[in-house]
Amino acid sequence: MPGYHRPDAKKLQDLRDIANKLRILSIESTQSSNSGHPTTCCSIAEVMSVLFFKTMKYSVQEPRHPSSDRFVLSKGHAAPILYAAWALAGLFPEEELKNLRKIDSDLEGHPTPRLNFIDVATGSLGQGLSCAAGMAYTGKYFDRASYRVYCIMGDGESAEGSIWEAMSFASLYNLDNLVAIFDINRLGQSEATPLQHQMDIYRARCEAFGFNTIVVDGHDVEALCKVFDEAQHVKGKPTAVLLKTFKGKGLDGIEDAENWHGKPLGDKAPAALEALRAQISGSEITLKPEAPVFDAPEVDISDIKLSSPPSYQLGEKIATRLAYGTAIAKLGSSNDRVIALDGDTKNSTYSDKFKKAHPDRYVECFIAEQNLVGVAIGCGTRSRTVPFVSTFAAFFTRTFDQLRMGAISQANIKCAGSHAGISIGEDGPSQMALEDLAMFRSIPRALVLYPSDAVSTERACELAANYKGIVFIRTSRPATAVLYDASTQFAAGKAQVVLQSDSDKVLVIGAGVTLHEALAAARELQKKGTQIRVMDIFSVKPIDSQSILSNARQCGGKIIVVEDHYPEGGIGDAVASVVKNEDGIKVVAHLCVRDLPRSGPPSTLLDVFKISSSAIQEAVLAQA
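Residues numbered from 1 in each chain as written. Predicted model: local features only at pLDDT ≥ 70, side-chain atom pairs only at ≥ 80, totals over all residues. Heavy atoms only, no water.

**Remarks on the overall build of the chain**
Broken down by element type, the chain carries 21 helices and 19 strands. Here the chain has a C-alpha radius of gyration of 28 Å; the compact-globule value for 624 residues is 25 Å, and the two agree. C-alpha atoms of the chain, sized along the principal axes, occupy 90 × 50 × 40 Å. Counting across all 624 residues of the chain, residues that qualify as buried make up 61%. Here the analysis covers contacts within the chain between residues at least 6 apart in sequence; of these, 79% occur between residues at least 24 apart. Counting every atom, the chain has about 23,200 Å² of accessible surface; 47% of that belongs to carbon and sulfur. (Helix = DSSP H or I, 4+ residues; strand = E, 2+ residues; numbered from the N terminus. Rg over C-alpha atoms; globule rule 2.2 N^0.38 Å. Buried < 20%, exposed > 50% of the residue type's maximum accessible area, 1.4 Å probe, protein only. Contact = heavy atoms within 4.5 Å. Areas by Shrake-Rupley, 256 points an atom, 1.4 Å probe, with all protein chains shown as cover.)

Rendered as structure tokens:
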């Protein structure tokens, strides 16, 4: 094998000794916390030793250095051995490991980026490889740097479809800087895994997905050294390393035994620790992590602006989904770290405008939305890119777990969901996002923006680019009139009053198509002598409580909310939370989609489900 040099006997013994030290520290820390997963740590002790002290190149002083190799522990319940590896590498004292899972410690039960050596949170299984693939894609195509990405998964989690979405993606894009490591220790949580130790089937599956695939004894450090060296020389395809291991390896009476998942060793710990210490040679360990190749470029993702202001005419009809495509193309022109990802809907979300302008920064993820979001999370780690992720808003619902974990990961991604609500028309209910606002509002620290015209959409994208966290931008299919000029200021947590008078009887709050329905209703009501105030909520989270309350008071305390969404969790619930403790202010009507929708012309659907101009007029007149 080109360039391979077998480690000498001393290095190999050091690696074996480190593996057993990692086992010892994992047992001790889980004993201290009286909880955790020591047996799943023991099955990967040798691979952790080889990776952290022979294979990977990284900076202990700056764990998230842009040029360092990346490591993702997808089987996050093995966190104690990951913490132990960093302690042995010298990042923090070994004694701190005994604070595992304690309330005042960041050494949580599963890894989170509260720790400076963790890029993405793991623990909800099946997600780590997508994130790792995003990191590898960034390294190969955006950074064009030497760093490599290693991801360890359990055999149990390989039942998750998102693993195979990530495998397909990694192979398609020739991510030869990615190594997917399967810890095949035969046992799941409650019983044996489906394939147990049928390594030939695992090999066939990985090879079918286009991976350079190697089966190896996961407890043989010399074989592992050779495998990872080989992976570094493979070009044009990612590598899958299939480790045949045993859960609880090295623990007498526990190794390869059922019913030891997620349990500290209890009264068996002293004997297990004594036996492991007896296997350590006693000679001084001299192995240290190798420094990275410092070739990742400097990146600046601050103060990202549209390359030119919005240039629409008032009254011009433009779909907000189209304005989204225009906006991200402009953002990409002003900063070369803005990227776009889509799930084969680019000609509907209009992310194809970004692809045409910046083809080298567009990532097609095809119809695999869970992987789409996971890859975006990985691309955004270490502040290397600002990922804009688009698909139909309805399809983001299948990615809720990735988004939930993304919040724990402190992910920096921007999600744009198009074709929201019944206003898409004839495509029918399977395509109509009517729960998306509720979903994104529930995500901690997420910013939820719902622009109603092309200008506000462009500004929403600009705001999203500069917000460090998860952002959801809800866009619509129908073309709607431009309401704002280019100088209008938009901000997170700030609503816009688009129509008002001194004699307004009701405050009507809408967004997207329902804002335009409210304006149409206002024109008709004015002919009948009734004035209403119309507010564009724009920012659903955070919501503009001050503007809602002050405008409601000026309108007799009466609020009507109209939205193209189910009643639960959308704009109506957000507004209700603002006024619930306010005397003299009340949501007197909440117009929304209150039944399962169906196919039909958009205008007909708005009427049938009572969120149209006529329904708003009826609700207003009932209160006036």
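**Describing the sheet that holds strand S16 (residues 531-536)**
Ordered in space as S14-S16-S15-S18-S19, the five strands form an open sheet in which the pairing is mixed. The strands lining the two open edges of the sheet, one partner per strand, are strand S14 (496-499) and strand S19 (586-591). Strand-to-strand twist in this sheet, taken as the mean axis angle between neighbours without regard to direction, amounts to 30 degrees. Along the sheet, helix H17 (residues 513-527) makes contact with S14, strand S15 (504-510), S16 and strand S18 (558-562), crossing S16 at roughly 165 degrees. Strands S15, S16, S18 and S19 of the sheet are contacted by helix H21 (residues 613-623), whose axis makes an angle of about 155 degrees with S19. (Pairing = 2+ DSSP bridges. Axes fitted to C-alpha atoms, helices over the stretch in contact; angles between N-to-C directions.)

**Focus on the sheet that holds strand S8 (residues 362-364)**
Taken in spatial order, the seven strands of this open sheet run S8-S7-S9-S10-S12-S11-S17, and their pairing is mixed. Either end of the sheet is taken by a strand with one partner, and the two such strands are S8 and strand S17 (539-541). The mean inter-strand angle of the sheet, taken between neighbouring strand axes irrespective of direction, is 20 degrees. When strand S7 (residues 338-342) meets S8, the two strands line up parallel, connected through three bridges. Among the inter-strand pairings, Asp-342 is bridged to a residue of S8, identified as Glu-364. Along the sheet, helix H10 (residues 320-334) makes contact with S7, strand S9 (386-392) and strand S10 (414-418), crossing S9 at roughly 160 degrees.

**Observations regarding the packing of aromatic side chains**
Summed over the entire model, instances satisfying the criterion amount to 21 aromatic pairs. When the centroid spacing of 5.2 Å and the interplanar angle of 70 degrees are considered together, the rings of Phe-52 and Phe-71 count as edge-to-face. Highlighted residues: Phe-52 in helix H3 (residues 45-55) and Phe-71 in strand S1 (residues 70-73), separated in sequence by 19 residues. No difference in accessibility class separates Phe-52 from Phe-71, as the two residues are buried. Taken together, a centroid distance of 5.0 Å and an interplanar angle of 90 degrees make the contact between Tyr-484 and Phe-490 edge-to-face. Like Phe-490, Tyr-484 is buried. Here the aromatic cluster, defined as three or more aromatic residues joined through ring pairs, consists of Phe-52, Tyr-58, Phe-71, Tyr-83, Trp-86, Phe-92 and Phe-117. (Phe/Tyr/Trp six-rings, centres within 6.5 Å; stacked < 30°, edge-to-face > 60°.)

**Re the UniProt feature "domain: Transketolase-like pyrimidine-binding" (unreviewed entry) in the chain**
In the UniProt entry, the feature "domain: Transketolase-like pyrimidine-binding" (unreviewed entry) is given for residues 318-482. Note that residues 318-482 is 39% helix and 19% strand, and that its end C-alpha atoms are spaced 7 Å apart. (UniProt positions renumbered as here; feature names shortened; annotations may be inferred.)

**Thoughts on the pairing of strand S5 (residues 239-244)**
In terms of burial, S5 is largely enclosed, as five of its six residues are buried. With six bridges joining them, strand S3 (residues 178-184) and S5 adopt parallel strand pairing. By the bridge assignment for S5, Asp-183 is matched with Leu-243. Sheet topology places strand S4 (residues 212-217) next to S5; six bridges connect them, and they run parallel. Its bridge partner being in S5, Thr-213 is matched across the sheet by Ala-240. Note on the crossover from S4 through helix H8 (residues 221-233) to S5: the handedness is right-handed. (Right-handed = clockwise from strand over helix to strand, strands pointing away.)

**Description of the nonpolar core**
Counting 81 residues, the largest nonpolar core has Phe-440, Ile-509, Ile-548, Ile-559 and Ile-571 as its most contacted members. In terms of residue count, helix H5 (residues 128-143) provides more of this core than any other element does, eight residues in total. Leu-22, Ala-84, Leu-88 and Leu-97 belong to the second largest nonpolar core, which has 54 residues in total. (Core = buried A, V, L, I, M, F, W, Y, C linked by side-chain atoms within 4.5 Å.)

**Comments concerning the packing of helix H1 (residues 9-33) against H3**
What describes two packed helices is the angle between their axes and the distance between those same axes. Relative orientation of the contacting elements H1 and H3 amounts to 120 degrees, with a least axis distance of 8 Å. By the angle between their directions, the pair H1 and H3 is classed as oblique. In the crossing of H1 with H3, the sense of the turn from one axis to the other is right-handed. On the side of H1, the interface is formed by Leu-15, Ile-18, Ala-19, Leu-22 and Arg-23, while H3 contributes Ala-45, Glu-46, Met-48, Ser-49, Val-50, Phe-53 and Lys-54. Among the residues making up the contact of H1 with H3, the classes are represented as eight nonpolar, one polar and three charged. (Parallel < 35°, antiparallel > 145°, perpendicular 65-115°, else oblique. Left-handed = near helix turned anticlockwise from the far one by under 90°. Nonpolar A, V, L, I, M, F, W, Y, C, P; charged D, E, K, R; others polar.)

**A few points about the side chain of Gln-127**
With respect to the helices and strands, Gln-127 occurs in the loop between helix H4 (79-89) and H5. In contact with Gln-127, other than residues within four places in its own chain, are Ser-74, Glu-157, Ser-162, Asp-401, Gln-402 and Met-405.

**Thoughts on unusual backbone geometry**
In most cases, non-glycine residues show a negative phi, while peptide bonds are predominantly trans. Residue Lys-541 is joined to Pro-542 through a cis peptide bond whose omega torsion reads -5 degrees. Relative to the assigned elements, Pro-542 resides in the loop between S17 and helix H18 (545-554). One non-glycine residue, Arg-186, lies in positive phi territory at about 85 degrees. As for its placement among the helices and strands, Arg-186 is situated in the loop between S3 and helix H7 (199-208).

**Some details on the pairing of S3**
Across the seven residues of S3, seven count as buried, placing the element largely inside the fold. By the alternation rule, side chains of S3 split into Leu-178, Ala-180, Phe-182 and Ile-184 and Val-179, Ile-181 and Asp-183, which are all buried. Sheet analysis places strand S2 (residues 149-154) next to S3, joined by six bridges and oriented parallel. Opposite Cys-151, over in S3, you have Ala-180 as the bridge partner. In this fold, the crossover linking S2 to S3 by way of helix H6 (residues 161-172) has right-handed handedness.

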